[in-house]
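Next come the chains, spelled out residue by residue.
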Amino acid sequence: MLNISAILAGVAFVMLAATNVVVMLEASQPSREVAVRTRLIAVHRTVGYLFVSLLCIMAYSMSQRLAGVGVTGHLPTHLVLHILLVLVLVPLLLLKILIARRYKQSHSLLKALGVAIFVISFVLVSIPVFSELLRSAHPGSLWLKLATGLIVAVCLLQGALVFKKRHPHSSAVSSRTPEIPALPTPLTNSEHAKGTMNLLLARIEQETHDTRTLRFQVPKERRLAAKPGQFLTFQWTIDGQRVTRSYTISSSPTHANYVEITPKRIDNGCVSVFLNERAKPGLRVEASGPYGRFYFDETLHKSIVLIAAGSGITPMISMLRYIDDLKLATPVTLLYCVRTAADIVFQNEIARLRASLLNFKYDVCLSRPDPAWNGRSGRLTAEFVTQHVIDLNSPTFFLCGPKGFMENARQILSTLGVNQERILQESFGEIKPTTESRPPEARSAGMIVFLHSAKVCQASAGGTLLDLAERNGVQIPYGCRQGLCGTCATRVISGTVQMEVEAGLTADQKNTGYVLPCVSKAEGTVVVAA
């Protein structure tokens, strides 16, 4: 019979595999806080090393037993199966380690490999343990009862989980009435209000002649859980008027008690002028978020290249500060394009980060340099990129800046053979009409059919779909109300909709008929899946 130490080693082996799967799933939760996720990743790595070490010990022990007994003739079937499982498990482990180190963006594949390794480990340990226990147990013995009870308990638990997922409907549906599919429960107004927070302006720091950083204190009861690169949507009150604007977080999200934004003054920009000239410490403002899919995730991005222009440096500095705070070894290259040396935002902070981060490379390019400038001048070029980025196949590229700059950068990267899936960009809500723009009086105010809410409403000229939905009690979750965050993305079943901004939509959503109701205006009769 198997000795107790072998049984305990087998149980520990399976428990390590199960722990790795659970920790990996927990770390991949989008709502998980940054600090917690970092600790979970460290636990996952440690458990993985223990698992591999124990596998090596168990494989060595098994080979020693086979050598001691001697192999003559044909091996028993269960022993052959045992050896085959080990031979399958080893390459799976090597594959997972390779993907985890070089292709961290393949998160789904890592999960699948983790589950497969757990299942094989369980079978690998169960074959000798259960077979030996059942063989040595007498009818009615304690071991036989325990083994039988364990199998029955596992089967009952699986059955309970299956039936728990089912939600039978008893209501009959008329053959003339189309069945309306159920929607996920949207956020109500009260639930959405929980996402807002009241911020207090605590400090102002001048960065350049037309850019300043504003630090806001976050309420103790509202912990900010952002990712480096995301933005907040603010409800500013200027001269009695309520104005909505979104700004990227420039501070590191590891600091949950405060948040910083760095607005650049824009001529005739009412909010940017207010923040750069009139805002004083003590100012209070409501904000919601964080929002955005443009962010750095150390579990997905093995190395990153940040290409920014002008105020597009704000999400990049948040990523760099985050990497510095957590002491990550992620290789980072920052290519920064501005007009003059006086326009370099965060110049002192970048110098500090260059001294602190071992794997950080940085270069700046001026389009309008003064005679004393000794650095690079001109526009962003392929030569500028390849000079600093030797390996174009591994890093994820983050682009942020004016629309023309990002289009040029994306074109350069495409010419260099960079996969489009590894290029992320922050558009700052560039206006991009999906149809030819027409004055409000030229648009036809038709009927809007909210299919899932079973409501038909008269549209008003110039009003958005989200405004109309709110007036008529149709629940559509929303966030920034500027077409940036994508929270309100809703599918249009039929009809024509003009969308002023489409930055919040993914490519798949655009191809499948989704629009952003917060910036969408109907032209004629429209049927919406809301």
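Our structure is the block above this text.
Residue numbers restart at each chain and count upward from 1, following the sequence in its written direction. In keeping with the model being predicted, local features are shown solely for residues with a pLDDT of at least 70 and side-chain atom pairs are shown and tallied solely at 80 or more, while totals for entire chains, interfaces and linings include all residues. Values shown for side chains rest on all heavy atoms present in the structure; no hydrogens or waters enter the calculation.

K.L.:
What exactly am I supposed to notice about the packing of helix α8 (residues 313-325) against helix α9 (residues 347-356) here?
P.N.:
Geometrically, a packed helix pair is captured by the angle between its two axes and the distance between the axes. Angular values range over 0 to 180 degrees, each being the angle between N-to-C directions of two axes fitted as lines to C-alpha atoms, with helices fitted over their stretch in contact. Strands here are runs of E lasting at least two residues and helices are runs of H or I lasting at least four, both read from the DSSP assignment and numbered beginning at the N terminus. The geometry of α8 relative to α9 is characterised by a closest axis approach of 11 Å and an angle of 35 degrees between their N-to-C directions. By crossing handedness, the relation of α8 to α9 is classed as left-handed. Each of Ile-317, Leu-320, Arg-321 and Asp-324 in α8 lies in contact with α9, whose residues at this interface are Glu-349, Ile-350, Arg-352, Leu-353 and Ser-356. Note that Gly is not counted as nonpolar here; it falls among the polar residues with everything else outside the nonpolar set of Ala, Val, Leu, Ile, Met, Phe, Trp, Tyr, Cys and Pro and the charged set of Asp, Glu, Lys and Arg. In the contact of α8 with α9, the residues fall into 4 nonpolar, 1 polar and 4 charged. For any helix crossing, the convention is left-handed if the near helix is rotated counterclockwise from the far helix by under a right angle, and right-handed if that rotation is clockwise. Whether two residues are in contact is decided by their heavy atoms, any of which lying within 4.5 Å being enough.

K.L.:
Help me understand the sheet that holds strand β10 (residues 376-377) in this model?
P.N.:
If you trace the 6 strands from one edge of the open sheet to the other, you get β10-β9-β8-β7-β11-β12, paired in parallel fashion. The open sheet has two free edges, formed respectively by β10 and β12 (423-426), since each of these has just one partner strand. When DSSP locates at least two bridges between a pair of strands, those strands are taken to pair. With 6 bridges connecting them, strand β7 (residues 304-309) and strand β8 (residues 332-338) associate as parallel partners. Each residue of the ladder has a partner; that of Ile-304, found in β8, is Val-332. Together, β8 and β9 (360-366) form the strand contacts of α9, whose direction differs from that of β9 by roughly 150 degrees. Sheet contacts for helix α11 (residues 403-415): β7, β8, β11 (396-400) and β12; angle to β11, the most-contacted strand, approximately 160 degrees.

K.L.:
What's the story with the packing of aromatic side chains in this structure? I'm lost.
P.N.:
Think of a pair of aromatic rings as described by two things: how far the centres are apart, and how the planes are tilted against each other in angle. Pairing of aromatic rings covers Phe, Tyr and the six-membered ring of Trp, with a centre-to-centre limit of 6.5 Å; geometry is then stacked below 30 degrees between planes, edge-to-face above 60, and tilted otherwise. Going through the model one piece at a time under the given rule, you end up with 9 aromatic pairs. With a centroid separation of 6.0 Å and an interplanar angle of 50 degrees, the aromatic rings of Phe-231 and Tyr-291 are classed as tilted. With Phe-231 in strand β3 (residues 231-238) and Tyr-291 in strand β6 (residues 284-291), this pair connects stretches of sequence that are 60 residues apart. Residue burial is assigned from relative accessible area. The probe radius is 1.4 Å, only protein chains are included, and a residue is buried under 20% of its type maximum, exposed over 50%, and partly exposed in between. For Phe-231, a relative accessible area of 4% puts it in the buried group. Between Trp-236 and Tyr-247, the aromatic rings sit 6.5 Å apart at their centres with planes inclined by 80 degrees, giving edge-to-face as the arrangement. Of the two residues, Trp-236 is situated in strand β3 and Tyr-247 in strand β4 (residues 241-248); the sequence distance between them amounts to 11 residues. Aromatic ring contacts, followed pair by pair, group Phe-216, Phe-234, Trp-236 and Tyr-247 into a single cluster. Working rule: Lys NZ or Arg CZ, within 6 Å of ring centre, within 35 degrees of ring normal, means a charge sits over the ring. The positively charged end of Arg-215 is found above the aromatic ring belonging to Tyr-258, 3.8 Å away from the centroid.

K.L.:
Sorry, what's going on with a nonpolar patch on the surface here?
P.N.:
Within this analysis, patches are made of residues with over 30% relative accessible area and no salt bridge. Like charges are joined at 9 Å or less; nonpolar side chains (Val, Leu, Ile, Met, Phe, Trp, Tyr) at 5 Å or less. Method for areas: the Shrake-Rupley scheme with a 1.4 Å probe, in which residue coverage is limited to the protein chains shown. One speaks of a salt bridge when a side-chain nitrogen belonging to Lys or Arg is within 4 Å of a carboxyl oxygen belonging to Asp or Glu. Residues Val-115, Val-119, Phe-122 and Val-123 make up a contiguous nonpolar surface patch of roughly 300 Å² in combined accessible area. Relative to the elements of secondary structure, Val-119 occurs in helix α4 (residues 107-136). On the accessibility criterion, Val-119 (43% relative accessible area) is partly exposed.

K.L.:
Teacher, can you tell me more about the environment of Tyr-258 here?
P.N.:
Looking at the element boundaries, Tyr-258 is found in strand β5 (residues 258-261). Note on Tyr-258: relative accessible area 15%, which makes it buried. Here the alpha-carbon distance between Tyr-258 and Leu-224, two residues 34 residues apart in the chain, equals 8.2 Å. For this analysis, a polar contact is any N or O atom pair within 3.5 Å, provided that within protein one partner can donate a hydrogen and the other can accept it, and provided that sequence-adjacent residues contribute only side-chain to side-chain pairs. Of the polar contacts made by the side chain of Tyr-258, one reaches the side chain of Arg-215; its length is 3.5 Å.

K.L.:
Would you take a moment to explain the nonpolar core for this structure?
P.N.:
Note on soluble globular proteins: their nonpolar side chains tend to be buried together. Within the largest apolar cluster, 31 residues are counted, with the highest numbers of intra-cluster contacts made by Ile-448, Phe-450, Leu-465, Ile-476, Leu-516, Val-526 and Val-528. Of all the elements in the fold, those that place two or more residues in this core are β13 (445-450), α12 (465-471), β15 (490-499) and β17 (520-528). Looking at this core, the element that brings in the most residues is α12, giving 4 residues. The contact partners of Leu-465, leaving out residues within four places of it in the chain, are Ile-448, Phe-450, Val-497, Val-515, Pro-517, Ser-520, Ala-522 and Val-528. By convention a nonpolar core is built from buried Ala, Val, Leu, Ile, Met, Phe, Trp, Tyr and Cys residues, the set being connected through side-chain atoms within 4.5 Å. By size, the runner-up hydrophobic cluster in this structure holds 28 residues, among which are Ile-304, Met-319, Leu-320 and Val-332.

K.L.:
Sorry, what's going on with the pairing of β4 here?
P.N.:
On a regular strand, each side chain points to the face opposite its neighbour's, so the side chains alternate between the two faces of the sheet. Summarising the sheet, β3 and β4 pair through 8 bridges and their orientation is antiparallel. The residue bridging Thr-237 from the neighbouring strand is Arg-242, located in β4. The hairpin turn running from β3 into β4, its antiparallel successor, is 2 residues long, and Asp-239 in that turn takes a positive phi close to 50 degrees.

K.L.:
Teacher, can you tell me more about the side chain of Asp-343 here?
P.N.:
Tracing the backbone shows Asp-343 in the loop between β8 and α9. No salt bridge is formed by the buried Asp-343. Its closest oppositely charged neighbour is Lys-264, at 4.7 Å. Counted as positive: Lys and Arg. Counted as negative: Asp and Glu, with His and the chain ends omitted from the count.

K.L.:
What is the right way to look at the pairing of β12 in this model?
P.N.:
Pairing of β11 with β12 involves 4 bridges; the strand directions are parallel. When the sheet's bridge partners are listed, Cys-400 is paired in β12 with Glu-426. With the strands pointing away from the viewer, any crossover whose connection runs clockwise from the first strand over the helix to the second is right-handed. Remark: the β11/α11/β12 crossover connection has right-handed handedness.

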